Amino acid sequence: MADPDPVVEAVFDAVAATAPTIRDALPGRRVESGTENPSGETVLAGDVYADELLLEALSAVEGVGSFVSEERPEAIDVGGAVGEGGEGGGGAYAVAIDPLDGSSNLRSNNAMGTVVGIYDAPLPATGRDLVAAGYVLYGPITTMVVADGSGVREEVVERGDGSERDDDDEPGVTRSVVEDDLTLPDEPTVYGFGGRVPDWPDAFREYAREIEDELKLRYGGAMVGDVNQVVTYGGVFAYPALVDAPDGKLRLSFEANPIAYVVESMGGASSDGSGSILDVEPDGIHDRVPLHVGNEELINRLESALDG
Ligand SMILES: O=P(O)(O)OC[C@H]1O[C@](O)(COP(=O)(O)O)[C@@H](O)[C@@H]1O
Ligand SMILES: [Mg+2]
Ligand SMILES: [Mg+2]
C-alpha cells in the first residue's frame, strides 16, 4: 500500500481541527447573511463563518496552492503553483470546499456537513484529478469520512481536552478511527432523491417508482447526510436532472466529484446519467451536474432507464 501523502493528511488534519469550532459556532449563525453566492443562493451566516475559517486553516497548509469554495466566485491563490504531480512532483494541490453542505437545514436543526476535494490540477478540472476527497458530517456526533487513494475510513471527531491543545488559539481535537476500510454494503437498503417529483423527467420518475418498491426512503435534504445513509446501509442517492434544470442542482467541483470519489473508492458507482461523474468535463468552477451515487447495480439500472 502506498505511503500516505503528507499534504493530503495535513489537509484532513486542518479540516478536522476546524470541525468542532464550526459546530460550536452554528447556534448563533442560523440567519441570512444578506448576500448571495456565485450559484445565486442565499448565504447564511454559518456558510460565511465556515468558509472563512476553512480558508484560514487550509491556506496555512504547505502544499495547498489554491483554495476554491462554493461561496467564492474565483479560486484563491494561497501559495505554490498547482499541478505537476502534487507533493511528490513539486507542485501544490487545489482544495475545493463546500464549507456547509445542506445549510438550509441550519434553521430546522437537521444534519449538515463540509465537503472536501483535493485536486492535483487547477480548477476547473475533472474528478480524475482528485487525489483524495472526504466529508465531515455534523449529525448527533461529528464524523469525518476520508478517501485518500488507499481506502476509505470513518473517524469520530471531538474537541480535545485542554491537554491536547497545540497552542492557545487552536483547540486540539480528538480523532478516533471507527472504520478503517469502509466498503458499500452489498445489499442495498435505502434511497434518497432530491428535487420535486413533478420536476423530475419521466424516465427518472419511472426509475424512482421501481426503487421505491424495493428500498426504504431516507431523505433529509443535506447531500452529505443523505449520502452517508447510502454509505452506511447501501442503496442510491440522487439529485437528478430536472425538467427546467437539466444540470440538476449540485456543483461538480465542490459536491459531486468529491462524493463520487468517496463512493467509487468504496466499491460503489457514480453517474451523471450516462457515465461516471469523475469523467465530466467542466467549463467553470461553479458548474452543476446531475448526481447519482450508490451500489453499482442500481446505478447501472439508472443509466439504462435514462438511456431511452
Ligand atoms: O432542498 P433542495 O433545494 O431540494 O436541495 C437540497 C440539496 O441542496 C443542498 O443543500 C445544496 O448544498 P448547499 O447547502 O451547500 O448549497 C444539498 O446538500 C442538498 O442535497
Ligand atoms: Mg452543498
Ligand atoms: Mg454549501
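Residues numbered from 1 in each chain as written. Chains lettered and ligands numbered in written order. Predicted model: local features only at pLDDT ≥ 70, side-chain atom pairs only at ≥ 80, totals over all residues. Heavy atoms only, no water.

A. Representation of the domain arrangement of the chain in the model. Taken domain by domain, the chain comprises domain 1 (6-179) and domain 2 (190-307). Summarising the inter-unit geometry, the C-alpha centres of domain 1 and domain 2 are found 22 Å apart. Opposite the 44 residues of domain 1 that make contact, domain 2 presents 33 residues. Counting each side, the surface lost to burial between domain 1 and domain 2 is near 2700 Å², with a carbon and sulfur contribution of 60%. Of all residues in domain 1, Pro124, Arg128 and Tyr135 bury the most surface against domain 2, accounting for 21% of the area lost on that side. At the boundary of domain 1 and domain 2, one finds four salt bridges. Residue Arg128 is joined to Asp279 by a salt bridge in which the shortest nitrogen-to-oxygen separation is 2.8 Å. Counting across the domain 1 and domain 2 interface gives 16 residue pairs in polar contact (both at pLDDT 80 or more). (Domains from an automatic or database assignment. Contact = heavy atoms within 4.5 Å. Buried area = accessible area lost by both parts, 1.4 Å probe. Salt bridge = Lys/Arg side-chain N within 4 Å of Asp/Glu carboxyl O. Polar contact = N/O pair within 3.5 Å; in protein donor to acceptor, adjacent residues only side chain to side chain.)

B. A look at the UniProt feature "binding site: Mg(2+) 1" (unreviewed entry) in the chain. In this numbering, the UniProt entry assigns the feature "binding site: Mg(2+) 1" (unreviewed entry) to Glu70, Asp98 and Leu100. Separation in sequence by 31 residues is not matched in space for these annotated residues, since their most distant C-alpha atoms are only 9.2 Å apart. Looking at the element boundaries, Glu70 is found in the loop between strand E3 (64-69) and strand E4 (76-77). Beyond its immediate chain neighbours, meaning those up to four positions away, Glu70 contacts Asn37, Pro38, Ile97, Asp98, Pro99, Leu100, Arg251, Phe254, Glu255 and His286. Residue placement: Leu100 occurs in strand E5 (residues 93-101). Setting aside chain neighbours within four positions, we find Leu100 in contact with Ile22, Leu26, Gly46, Asp47, Ala50, Glu70, Leu106, Met112, Gly113 and Tyr138. (UniProt positions renumbered as here; feature names shortened; annotations may be inferred. Helix = DSSP H or I, 4+ residues; strand = E, 2+ residues; numbered from the N terminus.)

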